[in-house]
Amino acid sequence: MSEALNHPAHSIRPAAAEDGPELGALDRGAWSTLHEVQPRPQPPYAPFFDERHRPQDMLVAEAVTETGERALAGYIRAVPPTPLACNTHVRQIQGFAVAGWARGRGIGRALIRACCATAREAGANRMTLRVLGHNAPARALYASEGFVVEGVLPGEFFLNGRYVDDVLMGRALTP
């Protein structure tokens, strides 16, 4: 993970419980029909961290904003896809967002690389994710980081009046 940590424009670190409110605001700000299957969050907002979404499962990116302040610019969450012992070698990205002001600065790519490195260091040898079929920017980013399409569930979601595919992508976590 050190390669992603040592970038001059941003840094990647494990999430901390106190990041919750800022991550909640970032997540709500990044909400889009391009990648969300749940309705837009409405107040009162649930806490960002809960028993299923724990700080120890997430990495966060910090970067300097347009006003010169350091702020959380994104996050990525990777967890075992099932509780089965026979599946502990796999991690699945189940949450990923980059703030609008931070897009186009390599932060998403750095988060993916750091996530894969952290999973590999923890003993995982495979990373998977699910992405909506119409989310071309995310699919291109994942493909450029070695993820390949391993399956498609055609029309799995009905969003904004149309059926959308659910695409499973994966890659090996070889050094």
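The structure this text deals with has already been given above.
Chains are numbered independently. Their residues run from 1 in the order of the written sequence. Thresholds applied to this predicted model are a pLDDT of at least 70 for local features of residues and 80 or more for the giving and counting of side-chain atom pairs; totals over whole chains, interfaces and linings are not thresholded and use all residues. In computing side-chain values, all of the structure's heavy atoms are included and hydrogens and water are not.

1. Let's talk about helix H4 (residues 136–144)
The condition that has to hold: For the exposure calls, accessible area comes from a 1.4 Å probe over protein chains only, and a residue counts as buried if that area is under 20% of its type's maximum, exposed if over 50%, partly exposed in between. We count a stretch as a helix when DSSP gives it H or I for four or more residues in a row; a strand needs E for two or more, and each element gets its number in order from the N terminus. Throughout, the arc means that of the directions going from the helix axis to the C-beta atoms. Residues count as neighbours in contact if any of their non-hydrogen atoms are within 4.5 Å of one another. Any N or O atom pair separated by 3.5 Å or less is treated as a polar contact, with the protein-specific requirement of one donor-capable and one acceptor-capable atom, and with residues adjacent in sequence counted only for side-chain atom pairs.
Among all positions in H4, only Ala138, Leu141 and Tyr142 are buried. Looking straight down H4, one finds its buried side chains confined to an arc of 95°; they lie on one side. Elements that come into contact with the buried residues of H4 comprise strand S4 (90–98), helix H3 (107–121), strand S5 (126–132) and strand S7 (162–172). The distance from a side-chain oxygen at the start of H4 to the backbone nitrogen of Ala138 is 3.2 Å, and the residue carrying that oxygen is Asn135. Just beyond H4, the residue with positive phi is Gly146, at close to 95°.

2. Observations regarding H3
Where we set the bar: The span expected for a helix works out to 1.5 Å for each residue beyond the first.
Between its first and last C-alpha, H3 extends 21 Å over 15 residues, near the 21 Å set by a 1.5 Å rise per residue. Within the span of H3, buried status applies to Ile107, Gly108, Ala110, Leu111, Ile112, Ala114, Cys115, Cys116, Ala117 and Ala119.

3. Section: unusual backbone geometry
A cis geometry characterises the amide bond from Pro43 onward to Pro44, with omega recorded as -5°. With respect to the helices and strands, the residue Pro44 is situated in the loop between helix H2 (20–30) and strand S2 (58–64). The phi dihedral of Asn160 falls on the positive side, at around 50°, and the residue is not glycine. Mapping Asn160 onto the fold places it in the loop between strand S6 (148–159) and S7. Relative accessible area serves as the criterion here: at 65%, Asn160 is assigned to the exposed category.

These figures capture arrangement, not role.
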